[in-house]
Amino acid sequence: MRRITGKAKDETLIELQSATDSQTGDENNGNGVPLPERTSLPGHAETDKLQPNRDTVFFRDGVRRIDFVLSYVDDKDGEKKQERRREFEANLEKAGLELETEDKSDSKDQKTYFLKIHAPWDVLATYADILKIKVPFKESDIPHGQDVPFEWLSRPFRLPEHIMHPAPDYFTYPFDKTKTDFFLISDKDTFFPPSTRNRIVFYILARCPYYKEGRIDKEKTGIKRLLSNGTYTSAFPLHDCRYWKRARNAECESERYNLYRHWARFLCFYKEQPLNLIRKYYGEKIGIYFAWLGFYTEMLFFAAVMGVICFTYGVLSYDDNISSKEICNASIGGSILMCPLCDKKCPFWRLNSTCLSSWQSHLFDNEGTVFFAIFMGIWVTLFLEFWKRRQARLEYEWDLVDFEEEQQQLQIRPEFEIRCTNRRLNKITKEMEPYLPVTSKCARFCLSSATVLFWISLIVACIIGVIAYRLAVYAAFASIIKDPKRKIQVVSRFITPQLATSVTASCINFVIIMILNFFYERVAVWITDMEIPKTHLEYENRLTMKMFLFQFVNYYSSCFYVAFFKGKFVGYPSNYTYMFGKLRNEECDPGGCLIELTTQLVIVMAGKQLWGNIQEALLPLMRNWWSSRKGRHNPENHYSRWEQDHVLQNFGQLGLFYEYLEMVVQFGFITLFVASFPLAPLLALCNNILEIRVDAWKFTTQFRRPVASKARNIGAWQEILNAVAILSVVTNAFIMAFTSDMIPRMVYLYAYGHGMRGYINNSLSIYNISRIPESNMPEDKDYLSDNSTTCRYRDYRYPPGHEKEYAHTMQFWHILAAKMAFIIIMEHVVFVVKFFVAWLIPDIPSDVKARIKRERYLIQGELHDYEVERLKMQLSASFITEPQSEMSLTTDKHEVLSECL
C-alpha cells in the first residue's frame, strides 16, 4: 500500500507558505493553514514533513478529529503483515472510516508508522443507533441538589463548578438516526464527545475482518488478533493534550489538563473527586471505580476513628492490666517454671520472660475489642447499603438505568463470535446467533475447575510448608534466645521465640504469596479465555470469581491458621500432638495467640500495600522514562501527540480488574480479622488516600487513554463484598472466642475469682517433671538448679495426684460453653442489626426514583409531540403534491387524523 505520494512544485510552495503563516496562527488553532487535498489512496493523505505543529488531535486539514491511532513497524515478516494491513484498512474504509498515515521517516525512532482514524458523522450516527447510545434531547430542569446547612464548612474540600459539572444536565434518549431533528444537535462535529467516538471506532475495529473479499475466514477478524500476531504494535485513542499544560488548539477540551490539575496531584488529596469529568473523559466503567473507591475511603474514616478509640482505650488501661503485672512480677511470674515449648532444644523457662509480649497483647486484646468487632459488623452493612444508594444515583445521573439489557445483547465478545462456529435461532430476536455446544462448555468448565483446584491445592501445600518451617525453626530460636549461657539476654527481653518465628514465617509467607500471584494471574486469564465467555460482563465475572477465590486462599490462609488452629491441638506433656509424626505443634504465649495474629496481619497487609504502590507508581514511571528518552529533547510542536501517547503504558482490558482486586483483598483484611488489629482501618485509610491519587496520576500521566466503556455497577465485586461481610461476622466472633483470652478472663472474673488477681495461676496447669519422657526433655539439664519438681503449661487440666489427673477440668467446659454462647449471641445480634439496617435503608433514594419517573414521563410526552408534528408535516407535504381532484378527500382524512391525534 502506498504511504507517500509525489508532490507537485506548487503544492510544495503552498506547504512552505503554510509553515511560515502558521507561526502566527499556532496561538489560535495550533494547526496552521489547511493543506490542499492530495491524490492518494482513498481515505489516506501523505505525510507532511513541513507541518509546523504535530502536537494536535486533528488530521492535517485541522478539521477532522483523530478518533483512534494504530501503529506498526516493518519487520522480517513484512509481506504477510502488509497484506493483512492492506485488507484490514480497505475494509475500514468500506465501513466509512477515514484514514491518514504518518510515515516512519517522520517518527522519532525512524521505524514506526502511525495510522490515524477519523469517524465521520454518518458512521457515528449509524453505530450510535446500533449501540443505543443515549444522547440529549432536552435540557434538564431538575437542580443539582438542595441547599445543605453549614455548606460553608465543606468549601475547602470542593472543586470549581466547571470541573465538578463539565457539561449541563440533559434528559437523554437512545439515539435514532431517523430522528436526528429530535435531539439537541448544534454541531455534528462535537455532538458525540471523544469518549463516545473512540468507543464506536473500537467497536468497528474489533469486528472488522482482514481477509480478502470473497473468502470467509472468521478467524481473521478484529484488531485484537492483529495486535496479538504483531501486524499492528498498538491501538489507542489520543489524550486531548499534555497533562501539564492546556492544548494550543482552542477546539480541544484540555480535559486531561483539568484532571491532572484538580485530581491527580497528591496535594489535592483532601479534595472531592471530579467524577463527572472522569466519566466524561474515561467512560462510565472507570468513573464507577473511582466513585466506589472514594466512597469506600470516606466510610473508612469512621471505622478508623473507632479503631483509634479502641486502641487508645488499650493504652489508657495499660496500668489496670493485672494479668500482665502478675506475669512481669518477679515473685509471681518469676517463680513459675514453664514446661519446654519444643523437644530437646527448648529449655524450661520462667513466665516473666514473656512480660513484654503480654503488655503488647493487652493493647489489642481488651474489652474495647469486643465493642469494635460488633461495630465493624454493623459498619460493613452501612457501607454496602449506602453504596447501593450512591450507585443508584450515579446510574441515573450517568444514563445507566436501562443499560443492563443493552450490555447483554450488544457487548458480545468478538472472540465468542469468531470461535463459536455453530449457529442457532434466537427465540427472542428470531435471528441466527453463535453459541457454544453443551458438551464443549462442560469439557471447558471441567478443565477450568481442575486447574483452579490444582492451584488452590498448591497454596495449601505451601502453607503446610510454612507451618512446618514454624515448627522446625521454633526449636532453633528457643535454644538460642532462652539459653542463659548465650549473651543475648538484652535481646531476649524484647524478642521471644514465638515472635521471632512468627515474623520470619510471615515474611516467607508474604514472598510465597507474591510468587504464586505472579504465575496464577496468567493462568487465570488463560483458562478464562479457554472457556470463551459470551459477553464482556460474563468474562469479567468469571475471571473475578477465579482470581478472588485464589487470592482469598492465598492471602488469608496463613491468618486463618494462626487464628483458629495454632495452639488449639497441642496436647500436654508426655502426650503432645505431632505434625508428620516428627514436628511438635506449636503453642501460644500465655497471653494468647492474638498478638501473633496481629503480627501476621500487619506484615501481610502492610507488605501487600507497600509492594502494590511501588508496582503501580514506580514501574510505569521507569518504563515510560526509558521508552520516551528519544523524544525527550524535541521541540513541543515537533513531537506529535500520537508519538507522545505511543510511548506511554497500555491500559489493558484487565487493568481495572486488578485495581478492584487489590481493594477487595484489603477489604477482607479490615473486616475478617479486624478484631485482632483495630488499627487496620486506619492503615487502610492512609493507603487509600494515597491510592486514589496514585491511580489518578497513573491514569492521567503514565497510561494511554483507555477505550471508554460502560458499566452500571461494580459487577461481581458487589456479591463478593456481601459474602465477605457475612463471613466477617463469623470470623470475628470466633477470634474473640477462641483466639482472644477475653472469654476465659470473663469466666474467671464472674465465676471463679474475686477480681482478676490469680488469673494467671488459674489458667496454667501443673505437670510432674519426673513423668516427662526423655524424648521431650531438654538436652541441657542445668536449668533445674532450684530443684523444681513441677512445671506449668497453658491448659485447664487436673494436677498430678488427682483422681482425674491430666483430664480437662470443669472450668475448661465452662469456658468452652461460654465461648459457644458468645459466638451464637454475637452472631445473632450483629446479623439482626445488619438485616434491620439493610431493610431500613432503601437501595434507591426516593428523589432518584422520582427523577427517573419524571424523565420517562417527559420522554413519552416529547416523543408524542415530535411524532405528531412529524406526521402533520408529512400530511402537509403529501397534501401539496396530490392532484387537485383529491383535495377534498385528503382534507377529510387530515381532519380525522388530527382529531385522533
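Residues numbered from 1 in each chain as written. Predicted model: local features only at pLDDT ≥ 70, side-chain atom pairs only at ≥ 80, totals over all residues. Heavy atoms only, no water.

Regarding the overall build of the protein chain
Piece 1. A count of helices and strands for the protein chain gives 29 helices and 16 strands.
Piece 2. Burial statistics for the protein chain: of 901 residues in total, 52% are counted as buried.
Piece 3. If you take every contact in the protein chain between residues at least 6 apart in sequence, the share linking residues at least 24 apart comes to 78%.
Piece 4. Of the roughly 42200 Å² that the protein chain leaves accessible, carbon and sulfur atoms contribute 60%. (Helix = DSSP H or I, 4+ residues; strand = E, 2+ residues; numbered from the N terminus. Buried < 20%, exposed > 50% of the residue type's maximum accessible area, 1.4 Å probe, protein only. Contact = heavy atoms within 4.5 Å. Areas by Shrake-Rupley, 256 points an atom, 1.4 Å probe, with all protein chains shown as cover.)

Thoughts on the state of the cysteines
Piece 1. Inspection of the entire model under this criterion finds three disulfides.
Piece 2. Through a disulfide, cysteine 328 is tied to cysteine 355; the S-S separation comes to 1.8 Å. For the disulfide bridge between cysteine 328 and cysteine 355, the dihedral angle about the S-S bond is near 95°, and by the sign convention the bridge is right-handed. One end of the pair, cysteine 328, is in helix H11 (residues 322-328); the other, cysteine 355, is in helix H12 (residues 355-364), with 27 residues separating them in the sequence.
Piece 3. Given a relative accessible area of 25%, cysteine 328 falls into the partly exposed group.
Piece 4. For cysteine 339, the disulfide goes to cysteine 791, at an S-S distance of 1.9 Å. Judged by the sign of its S-S torsion, about 85°, the bond between cysteine 339 and cysteine 791 is right-handed. One end of the pair, cysteine 339, is in the loop between strand E7 (337-338) and strand E8 (349-350); the other, cysteine 791, is in strand E16 (residues 790-794), and 452 residues separate them in sequence. The pair formed by cysteine 339 and cysteine 791 is uniform in burial state, with each residue classed as buried. (Disulfide = S-S within 2.5 Å.)

Points about the sheet that holds strand E6 (residues 234-236)
Piece 1. Read across the open sheet, the four strands follow the order E2-E3-E1-E6; overall the sheet is antiparallel. In this open sheet, the two strands that pair with only one neighbour each are strand E2 (98-102) and E6. Pairs of neighbouring strands in the sheet enclose a mean axial angle of 20°, with direction left out of account.
Piece 2. With six bridges joining them, strand E1 (residues 68-73) and strand E3 (residues 112-118) adopt antiparallel strand pairing. The residue of E3 that forms the bridge with leucine 70 is leucine 115.
Piece 3. Of the strands in this sheet, E1, E2 and E3 are in contact with helix H2 (residues 78-94), which crosses E1 at around 165°.
Piece 4. Docked against the sheet, helix H6 (residues 194-207) engages E1 and E3, running at close to 45° with respect to E1. (Pairing = 2+ DSSP bridges. Axes fitted to C-alpha atoms, helices over the stretch in contact; angles between N-to-C directions.)

Some points on the pattern of salt bridges
Piece 1. As enumerated under the stated definition, the model contains 39 salt bridges in all.
Piece 2. Of the charged contacts in the structure, one is a salt bridge between lysine 698 and aspartate 695, with a shortest N-O distance of 3.4 Å. With lysine 698 and aspartate 695 both in helix H23 (residues 680-702), this residue pair falls three residues apart, about one helical turn.
Piece 3. With relative accessibility at 3%, the residue lysine 698 sits in the buried group.
Piece 4. You can call aspartate 695 buried: its relative accessible area is 0%.
Piece 5. Bridged by salt links that share partners, the residues Asp55, Arg242, Arg641 and Asp645 form one connected network. (Salt bridge = Lys/Arg side-chain N within 4 Å of Asp/Glu carboxyl O.)

Quick word on the packing of helix H8 (residues 255-264) against helix H9 (residues 275-282)
Piece 1. Running from N to C, H8 and H9 point in directions that differ by 145°, and their axes come no closer than 10 Å. Regarding H8 and H9, the two cross each other, and that crossing is left-handed. Where H8 approaches H9, its residues Glu255, Arg256, Asn258, Leu259 and Trp263 are matched on the opposing element by Leu277, Ile278, Lys280, Tyr281 and Tyr282.
Piece 2. In terms of residue class, the contact of H8 with H9 is built from six nonpolar, one polar and three charged. (Left-handed = near helix turned anticlockwise from the far one by under 90°. Nonpolar A, V, L, I, M, F, W, Y, C, P; charged D, E, K, R; others polar.)

Here we look at the packing of aromatic side chains
Piece 1. Counted according to the given criterion, the structure contains 68 aromatic pairs.
Piece 2. The interplanar angle of 80° and the centroid separation of 5.7 Å between the aromatic rings of phenylalanine 269 and tyrosine 270 together place this pair among those described as edge-to-face.
Piece 3. The exposure class of phenylalanine 269 is partly exposed, given its relative accessible area of 41%.
Piece 4. In this structure tyrosine 270 comes out as partly exposed when scored by relative accessible area, which is 39%.
Piece 5. Between the aromatic rings of tyrosine 289 and phenylalanine 290, the centroid separation amounts to 5.0 Å while the plane-to-plane angle is 70°, which identifies the pairing as edge-to-face.
Piece 6. A relative accessible area of 0% places tyrosine 289 in the buried class. (Phe/Tyr/Trp six-rings, centres within 6.5 Å; stacked < 30°, edge-to-face > 60°.)

A few points about the nonpolar core
Piece 1. Core analysis: the largest hydrophobic core is formed by 140 residues, its most contacted members being Trp292, Tyr296 and Trp379.
Piece 2. Residues in contact with tryptophan 379, not counting those within four places in the same chain, are Tyr296, Met299, Leu300, Ala303, Phe667, Ile670 and Thr671. (Core = buried A, V, L, I, M, F, W, Y, C linked by side-chain atoms within 4.5 Å.)

What to know about the confidence of the model for the protein chain
Predicted coordinates in areas of low pLDDT are best not read in detail.
Piece 1. Taken over all residues, the pLDDT of the protein chain has a mean of 81, while the share at 70 or more is 84%.
Piece 2. Confidence drops under pLDDT 50 across residues 1-51; counting only partners more than four residues distant or on other chains, this segment forms 95 contacts.
Piece 3. This stretch, residues 885-901, has a pLDDT under 50; its non-local contacts, to residues over four places away or in other chains, come to nine contacts. (pLDDT = per-residue confidence, 0-100.)

Focus: the packing of helix H13 (residues 367-397) against helix H27 (residues 810-840)
Piece 1. Where H13 contacts H27, the axes come no closer than 9 Å and their chain directions differ by 25°. Put simply, H13 runs roughly parallel to H27. When you trace H13 past H27, the crossing you get is right-handed. Contacts from Val370, Ala373, Ile374, Gly377, Ile378, Val380, Thr381, Leu382 and Glu385 in H13 reach Phe822, Met826, Val830, Val833, Lys834, Val837 and Ala838 in H27.
Piece 2. Its residues placed into classes, the contact of H13 with H27 shows twelve nonpolar, two polar and two charged. (Parallel < 35°, antiparallel > 145°, perpendicular 65-115°, else oblique.)

What to know about H13
Piece 1. Here H13 spans 45 Å end to end across 31 residues, near enough to the 45 Å set by a 1.5 Å rise per residue.
Piece 2. Residue asparagine 366 occupies the N-cap position of H13, its side-chain oxygen lying 2.9 Å from the main-chain nitrogen of glycine 368.
Piece 3. Following H13 by one or two positions, aspartate 399 has its phi on the positive side, about 60°. (Expected span 1.5 Å × (residues − 1). Polar contact = N/O pair within 3.5 Å; in protein donor to acceptor, adjacent residues only side chain to side chain.)

Description of unusual backbone geometry
Piece 1. Unlike most non-glycine residues, aspartate 399 shows phi in positive territory, near 60°.
Piece 2. Its location among the elements puts aspartate 399 in the loop between H13 and helix H14 (403-410).
Piece 3. Positive phi outside glycine occurs at isoleucine 532, with the angle close to 55°.
Piece 4. Position of isoleucine 532 relative to the elements: it lies in the loop between helix H18 (497-531) and helix H19 (536-564).

With respect to the pairing of E1
Piece 1. Taking burial as the measure, the six residues of E1 include five buried ones, the bulk of the element.
Piece 2. Of the pairings in the sheet, the one linking E1 to E6 comprises three bridges and is antiparallel in character. Its bridge partner being in E6, leucine 70 is matched across the sheet by alanine 235.

Comments concerning H18
Piece 1. Over its 35 residues, H18 extends 49 Å from the first C-alpha to the last, a length consistent with the 51 Å expected when each residue adds 1.5 Å.
Piece 2. When the local axis directions of H18 are compared, the greatest deviation, roughly 25°, occurs at tyrosine 520.
Piece 3. Directly beyond the C-terminal end of H18, a positive phi value near 55° is found at isoleucine 532. (Bend = angle between axes of the 7 residues up to and from the residue.)

What to know about the environment of lysine 441
Piece 1. Considering the arrangement of structural elements, one finds lysine 441 in helix H16 (residues 438-481).
Piece 2. Judged by its relative accessible area of 44%, lysine 441 is partly exposed.
Piece 3. Each C-alpha atom, one on lysine 441 and one on methionine 530, is 9.9 Å from the other, the two residues being 89 residues apart in sequence.

Comments concerning the environment of valine 305
Piece 1. Mapped onto the secondary structure, valine 305 falls in helix H10 (residues 284-316).
Piece 2. According to the relative accessible area criterion, valine 305 is partly exposed, its value standing at 35%.
Piece 3. Taking the C-alpha atoms as reference, valine 305 lies 9.8 Å from proline 678; in sequence the two are 373 residues apart.

Description of the side chain of glutamate 284
Piece 1. Considering the arrangement of structural elements, one finds glutamate 284 in helix H10.
Piece 2. Classification of glutamate 284 by relative accessible area gives buried; the value is 8%.
Piece 3. Polar side-chain contacts of glutamate 284 include one of 3.0 Å to the side chain of arginine 279.
Piece 4. Once you skip the residues sitting within four places of it in the chain, glutamate 284 turns out to touch Arg279, Trp398, Leu400, Ser709, Lys710 and Ala711.

Comments concerning the environment of threonine 700
Piece 1. By the secondary structure assignment, threonine 700 is in helix H23.
Piece 2. When the C-alpha positions of threonine 700 and arginine 265 are compared, they lie 10.0 Å apart, and in sequence the two are 435 residues distant.
Piece 3. Beyond its immediate sequence surroundings of up to four residues, threonine 700 is in contact with His239, Tyr243, Arg256, Leu259, Tyr260, Trp263, Ala264 and Tyr282.
Piece 4. A polar contact of 2.6 Å, which involves the side chain of threonine 700, links it to the backbone oxygen of alanine 696.

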